[in-house]
Amino acid sequence: MDNLKVLMVAAEISPFAKAGGLADVTGSLPPALSALGVDVRLVMPKYGSISEKKYALKRIHKDIDVPTGGKIIKIDIYQGALPRTDIPVYFIDCPEYFGDKEIYLGEKDTQRFIFFSLSILYILPIIEFKPDVVHAHDFHSALVANFINLSNFTYSKDAKTLYTIHNLNYQGQASPDVLKEGNLSASSLESLATDAKDGDINFMVQGIFNCQALNTVSPTYAKEIMTKEQGSGLHRVIKKNKHKLLGILNGLDISKFNPETDPNICCNFSVESLDKKSENKLALQRELGLPEDKDKPLLAIVSRLAWQKGFELINSELLEKLDFQLIVLGTGEEKYENHFKDLAEKFPEKVSAQIKFDLGLAQRIYAGSDFFLMPSRYEPCGLGQMIAMRYGSLPIVRYTGGLADTVNKKVGFSFKTFSQKAFYLAVNRALKTYYNKKKYQSMQARAMKVDFSWSRSAKKYLNIYRKLTKHKN
Ligand code: GLC
């Protein structure tokens, strides 16, 4: 029997285009699947920011007709590979929709991504890849499940779909008019007719209904999204589809996030050489212009700056009451960018706000910090806390979603209620522990030894693929 064939479809794949954790997952799960014998390939849009030269992309097909919204749009297909692997990545080249440098453009996105999803059905016979499973991620590729369920695409009609929800708060809602872009209408499928009744189409809902298997990125988040409080309006829809829902914790690319070999940090270290971690701390303080002091607790944030992340809990009051340094790296909503810029202005000796995207600096922050903050309102999985633990930076997190599944008392600190007081108490506990060197170091050692590799979770994905297809390999 041939190996299982899986096509992974996503708007973001690291390192080609990344806005958040979605890209890390789609960039690091496939090699783990490939190691298990899966013939996995990926497809994404070719955004204006993706360099053909840097990634050695080759145009493999030209001028493919994709009939859409009463006209025909021509696309090209480029091919590259995930770095250090021979896993093929196909890029849909259509400057009209994806020529911009940005991944997301706001209002136009439902239209752009319905076209992306449609184009996949047209490229499969051309690249001669007949997937057993199409694995779609988030709202951007949800509609692939609809197209497969329609009878007009014979080449891929036997494919099953697994739909992974990374973040339920981005659902892709649009007026039913958007369906024209995919040559669909509300009457094309029962799920569309039902969805259109309230006046709009919700891509996430379509994915949930049309897939054969559904998962989110941690067991706790899988339970939370069935509650009114955390279901972002979709808890009923998800409950209805509970029979096909699983929670599978994300893994990490542990070869990339490895303090023993990381080329971005000044001094490599391991559990056995934790003293070298303080050299990274001093170098980081120097790099960002904070007072160099290896005994001052250094707290860090590396994150998208979004409402989800709960950063209003980190404020002047906290900085006045407790003695620590804070480094923030990230971009996002203006409100949060300004919040941290203001704190840095007010507390120049304590706070450094780096409002940018800088992968090398991110690694130096993981390596140099003592604690890592994630006071998230909700967190489907969260990758930062896992990376931080690998680098011996102890997470201080809100007990929710994947944070609840990865951070326990032996490796970090957590609080339940989203309140200033609960957060203050957690930070205070962490700082007290910091000054108890023996306890702090034994927590660090434990955190660094946790296995966050993909191997366990990749097997869980393989089980789903096999169940869907009754495939032995
Ligand atoms: C989204 C979620 C984050 C998760 C990531 C990858 O960015 O907000 O919690 O880790 O997707 O699944």
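Preceding this paragraph is the structure being described.
Keep in mind it's a predicted model, so treat the numbers as computed, not measured. (Residues numbered from 1 in each chain as written. Predicted model: local features only at pLDDT ≥ 70, side-chain atom pairs only at ≥ 80, totals over all residues. Heavy atoms only, no water.)

A. Highlighting the nonpolar core. Within the largest apolar cluster, 98 residues are counted, with the highest numbers of intra-cluster contacts made by Tyr-163 and Tyr-465. Sorting elements by how many residues they give to this core places helix α3 (residues 109-127) first, with ten residues. Leu-288, Ala-300, Leu-329 and Met-386 belong to the second largest nonpolar core, which has 68 residues in total. (Core = buried A, V, L, I, M, F, W, Y, C linked by side-chain atoms within 4.5 Å. Buried < 20%, exposed > 50% of the residue type's maximum accessible area, 1.4 Å probe, protein only. Helix = DSSP H or I, 4+ residues; strand = E, 2+ residues; numbered from the N terminus.)

B. Representation of the pattern of salt bridges in the model. Across all of its chains, the model carries 17 salt bridges by this definition. Between Lys-294 and Asp-295 there is a salt bridge, with its nearest N and O atoms 4.0 Å apart. (Salt bridge = Lys/Arg side-chain N within 4 Å of Asp/Glu carboxyl O.)

C. Helix α17 (residues 455-469), seen in detail. The terminal C-alpha atoms of α17, which comprises 15 residues, lie 21 Å apart, in line with the 21 Å expected from a rise of 1.5 Å per residue. Of the surrounding secondary structure, the elements contacted by the buried residues of α17 are β1 (5-9), α1 (21-35), β6 (133-137), β7 (160-165), β10 (213-216) and β11 (245-247). (Expected span 1.5 Å × (residues − 1). Contact = heavy atoms within 4.5 Å.)

D. Region of interest: the sheet that holds strand β2 (residues 39-45). If you trace the nine strands from one edge of the open sheet to the other, you get β3-β4-β5-β2-β1-β6-β7-β10-β11, paired in mixed fashion. Among the strands making up the open sheet, the edge pair consists of β3 (58-68) and β11. Averaged over all adjacent pairs, the angle separating strand axes in this sheet is 25°, with direction ignored. Taken together, the five bridges between β1 and β2 define a ladder with parallel strand orientation. By the bridge assignment for β2, Val-9 is matched with Val-43. The strands touched by α17 within the sheet are β1, β6, β7, β10 and β11, with β7 carrying the most contacts at an inclination of about 145°. (Pairing = 2+ DSSP bridges. Axes fitted to C-alpha atoms, helices over the stretch in contact; angles between N-to-C directions.)

E. Highlighting the side chain of Lys-350. Looking at the element boundaries, Lys-350 is found in the loop between α11 (334-346) and β14 (351-354). There is no salt bridge for the buried Lys-350, and the closest opposite charge comes from Asp-323, which lies 4.1 Å off by N-O distance. Looking at Lys-350, its side chain comes within polar contact range of the main-chain oxygen of Leu-319, at 2.5 Å. At 3.2 Å, the side chain of Lys-350 and the backbone oxygen of Leu-322 are in polar contact. Residues contacting Lys-350, with those up to four places away along its chain left out, are Leu-290, Leu-319, Leu-322, Asp-323, Phe-324, Gln-325 and Leu-326. (Lys, Arg positive; Asp, Glu negative; His and termini not counted. Polar contact = N/O pair within 3.5 Å; in protein donor to acceptor, adjacent residues only side chain to side chain.)

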